[in-house]
Structures are given as structure tokens and as C-alpha cells.
Amino acid sequence: MNERLNRAKNIHTIEDLRSVSSSPVIDMESINEIKSRFTDIHGVAIEGFDKKDLFAVKATLSGYDDMLSEYPEIRKGLNTIRYVGNIGSMGDWNSAGLSRVGKSGLQDYGTGIHESAHALDYARSQKTKGLYSEQIVERARKNLGYRKNGADYIRVRMDLTADLGDARDSREVFAYAIESHKGGCGNDFAAEIYRLVKEGK
């Protein structure tokens, strides 16, 4: 499988995972141990992963764990992570606090980062007028000097999302930017979005 441009890099080995994640989940020896960490530390329930390959689960849940550890406010928008094999995407998230992981989202560090980023957007949007992600994406655009409808600006958004519909949606651009930056890929736009998010602005 080809590495996708500006997405979290593919995880094939424990060394790959260690290169992007600092989560203690990496060294856990059972699904129950992982569940306990999420419940006790983050207040988040883990469901449906029991019969899945442990390494594949670690790769995905390390992404969620890294984000929850770095941005505890995500808990305002995330209370359950559930494996649902038959959804038509790698993962999704809704404002009721449920994030689902699909079959293709297993062994994918970026899925955990991406869906957590949506929950972070939701949590921070509660404190702002309008969508937090829209404000951050626009601020990053201005800081880097991209013209709003310029070809370079369209290209950097497409580099992150690889989908025209998502490239037009600031919520997706925001989530892909955080995924790619934390996942060891990215571009200048992703780095600037991440910097602004890290500053809490």
C-alpha cells in the first residue's frame, strides 16, 4: 500500500508506532489493560475491540490516547470509542461523544488522531462564536500569506485531505492537519494549524 501524502504514516511494526506515539498503550499486554487506562485516566469507554488483533488495536488507540493526554478537554466531546467493522470509513465521530472505528481504521494511528481532533474542535467551539476549526484554518491561511482562492491554498488543502469535498470543509482540513502533523507527515499549513492549536488560540 502506498503511503498517502500528508497523512499519518502507515504503522506496520511496533517501531513504526513508537516513532510517532509516546502512549503507554504501546506496551500494554491486553485489551483489558487498555480499557482500564482509558476509563481510569480519560473517562472514556472502549467497546468492541476484544477479539481484534492487539497490535492493530494499540496502533489506533495510541492515537486517541496521545490526543486525550495532550488535550484533556477532548473529554467534553468524547466518551466512547467503539469498533464497528461495517462502517464505510476508517472512523467517525459525533457530537454525542461517540467515535467509531471501522475495519480500515484498525492499525491506523491517524484514525485516533483524526477523530480526536474533531472532538477537540467540538470542545473548543463551545467557547468561541462559530466553529473553532474555521477560525484556526483561516488564521493559519493569513499567517502563511495564502490567498483565499489561490491555487497554492487549494493545493495545500488538497494535499492534506486528498478529497475535494473535504478540502472545502474546514472541520476536515483541521482534523487532517493535526493527523498529518502528529503522524510524522504534513506540510507548512498543517504545521501552522498545529502550532495555533497547541498555543490554545
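So, a few notes on the structure that sits alongside this text. This is a predicted model, so every value here is computed, not measured.

## Brief notes about the overall build of the protein
Step number 1: When its secondary structure is counted, the protein shows 9 helices and 4 strands.
Step number 2: Reading the secondary structure of the protein in the N-to-C direction produces α-α-β-α-β-β-β-α-α-α-α-α-α.
Step number 3: Dimensions along the principal axes, computed over C-alpha positions, put the protein at roughly 50 × 40 × 30 Å.
Step number 4: For the protein, the proportion of its 201 residues judged to be buried stands at 53%.
Step number 5: A fraction of 60% describes how many contacts in the protein between residues 6 or more apart in sequence connect residues 24 or more apart.
Step number 6: Surface accessibility of the protein: about 9,300 Å² in total, with carbon and sulfur atoms responsible for 47%.

## A word on the environment of Asp188
Step number 1: With respect to the helices, strands and loops of the structure, Asp188 is situated in helix H9 (residues 188–199).
Step number 2: Looking at Asp188, the relative accessible area reads 41%, which means it is partly exposed.
Step number 3: The sequence separation of Asp188 and Gln126 amounts to 62 residues, and the corresponding C-alpha distance is 27 Å.
Step number 4: Not counting the four nearest positions on each side in its chain, Asp188 is found in contact with Leu144, Tyr146 and Val156.
Step number 5: Within the structure, Asp188 has its side chain in polar contact with the side chain of Tyr146 (distance 2.9 Å).

## A closer look at unusual backbone geometry
Step number 1: Although it is not a glycine, Gln107 sits at a positive phi angle of roughly 60°.
Step number 2: What makes Gln107 partly exposed here is its relative accessible area of 29%.
Step number 3: You will see that Ala162, though not glycine, has its phi angle at about 55°, which is positive.
Step number 4: Mapping Ala162 onto the fold places it in the loop between helix H6 (151–161) and helix H7 (164–167).

The rules behind these values
- Residues numbered from 1 in each chain as written.
- Predicted model: local features only at pLDDT ≥ 70, side-chain atom pairs only at ≥ 80, totals over all residues.
- Heavy atoms only, no water.
- Helix = DSSP H or I, 4+ residues; strand = E, 2+ residues; numbered from the N terminus.
- Buried < 20%, exposed > 50% of the residue type's maximum accessible area, 1.4 Å probe, protein only.
- Contact = heavy atoms within 4.5 Å.
- Areas by Shrake-Rupley, 256 points an atom, 1.4 Å probe, with all protein chains shown as cover.
- Polar contact = N/O pair within 3.5 Å; in protein donor to acceptor, adjacent residues only side chain to side chain.

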